[in-house]
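Okay, here's what each chain looks like letter by letter:
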Amino acid sequence: MRRGRNDGTLPSAPAGASSINLCDVHLALGDDPPAPVLGGVDLLAPAGEVTAIVGPSGCGKSTLLDVIAGLREPDHGQVLVGGHHADRIGRVALMPQRDALMPWRTLLANVEAGARLAGDAPDVARARARVALQQAGLAGFEHHYPHALSGGMRQRGALARTLLSGRGTWLLDEPFGALDALTRSEMHGVLKETCARHRPTVLLVTHDIAEAVLLAETVLVAGPSPMRIVDVIDTHAEGDAGGRERALESLRAAGVAA
Ligand SMILES: Nc1ncnc2c1ncn2[C@@H]1O[C@H](COP(=O)(O)OP(=O)(O)OP(=O)(O)O)[C@@H](O)[C@H]1O
Ligand SMILES: [Mg+2]
């Protein structure tokens, strides 16, 4: 069941859950000449809520997360995390689209690093990492190195580490992309439960409109490159089927075959 918006039954967002606010963000990448990738992005991801971004491949979603995380500076426009511009790097936990695990550490040591980052003592971090791995269906693989895991297992490990990072603002880049339907549905449950308990700010990039509508309070529809947000869908107001239909219509109207 999706979390209710402002229904008074939920704890308020924790201090580390920052709003994300972008205003007219432009960025061009490459040389000779640089090609525009972000073409004036405006967005708001409210503190303590899940906001999803759906859009076609290559439209600039991963680049956008890099900009929000502070790994790239925009050419123009404003990026605020919790109202701050300059020191946003330490405020967010970024789960990159590909291979987010450190190859020289075992799965357990990778996930444990998330809890250590949150300030846990080593024994507490290890215990929390074991629980998180169990939740992610990875019990028994603690001592495997990333190269000895499947893509989906690495992805689940990376998500477990992000959830333990202690940071209240998460940027998740297609965190379920490598999973089969059953595992994906289980991991949706893990994310929903974690969000209901801790109320982080989540910006979730996904290709999957149904997943976006299922998990997010707000779905932002991105048009083709250079990226702009072409629609903002309140999933509570639209309902599941209505939200999916509207997102598809918006993508079609933006010229994306969907
Ligand atoms: N370092 C770079 N130099 C030049 N162009 C780049 C660079 N990084 C990304 N791009 C270009 O920016 C565009 C957007 O890439 P990005 O990875 O952000 O897309 P995306 O929406 O995340 O795609 P996908 O859904 O396939 O992951 C692409 O055309 C890509 O080729
Ligand atoms: Mg991407």
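Residues numbered from 1 in each chain as written. Chains lettered and ligands numbered in written order. Predicted model: local features only at pLDDT ≥ 70, side-chain atom pairs only at ≥ 80, totals over all residues.

With 5 of 5 residues buried, strand E3 (residues 50-54) is to be regarded as a mostly interior element. Residues Val 50, Ala 52 and Val 54 point to one face of E3 and Thr 51 and Ile 53 to the other, with burial holding for every one of them. Here E3 pairs with strand E8 (residues 218-222) via 4 bridges, running parallel. Residue pairing across strands places Ile 53 opposite Leu 220, the latter belonging to E8. (Buried ≥ 20, exposed ≤ 12 C-beta atoms within 10 Å, placed from the backbone. Helix = DSSP H or I, 4+ residues; strand = E, 2+ residues; numbered from the N terminus. Pairing = 2+ DSSP bridges.)

A few words on the site of ligand 1. Looking at ligand 1, the residues that line it are Leu 29, Gly 30, Val 37, Ser 57, Gly 58, Cys 59, Gly 60, Lys 61, Ser 62, Thr 63, Gln 97 and Ser 225. Among the residues making up the shell around ligand 1, the classes are represented as 3 nonpolar, 8 polar and 1 charged. (Near = placed C-beta within 6 Å. Nonpolar A, V, L, I, M, F, W, Y, C, P; charged D, E, K, R; others polar.)

Once that is clear, we can look at the environment of Ala 148. Examined against the element boundaries, Ala 148 turns out to sit in the loop between helix H3 (122-135) and helix H4 (151-163). In this structure Ala 148 comes out as exposed when scored by C-beta crowding, with 12 C-beta atoms within 10 Å. With 41 residues separating them along the chain, Ala 148 and Leu 107 place their C-alpha atoms 9.8 Å apart.

This part covers the packing of helix H2 (residues 107-117) against H3. Two numbers describe how H2 lies on H3: the axes approach to 8 Å, and their chain directions differ by 120°. Read as a crossing pair, H2 and H3 show a hand that is right-handed. For the pair formed by H2 and H3, the contact residues are Leu 107, Leu 108, Val 111, Glu 112, Ala 115 and Arg 116 on the first element and Ala 125, Arg 126, Arg 128, Ala 129, Ala 132 and Leu 133 on the second. Here the residues of the contact of H2 with H3 sort into 8 nonpolar, no polar and 4 charged. (Axes fitted to C-alpha atoms, helices over the stretch in contact; angles between N-to-C directions. Left-handed = near helix turned anticlockwise from the far one by under 90°. Contact = placed C-beta atoms within 7 Å.)

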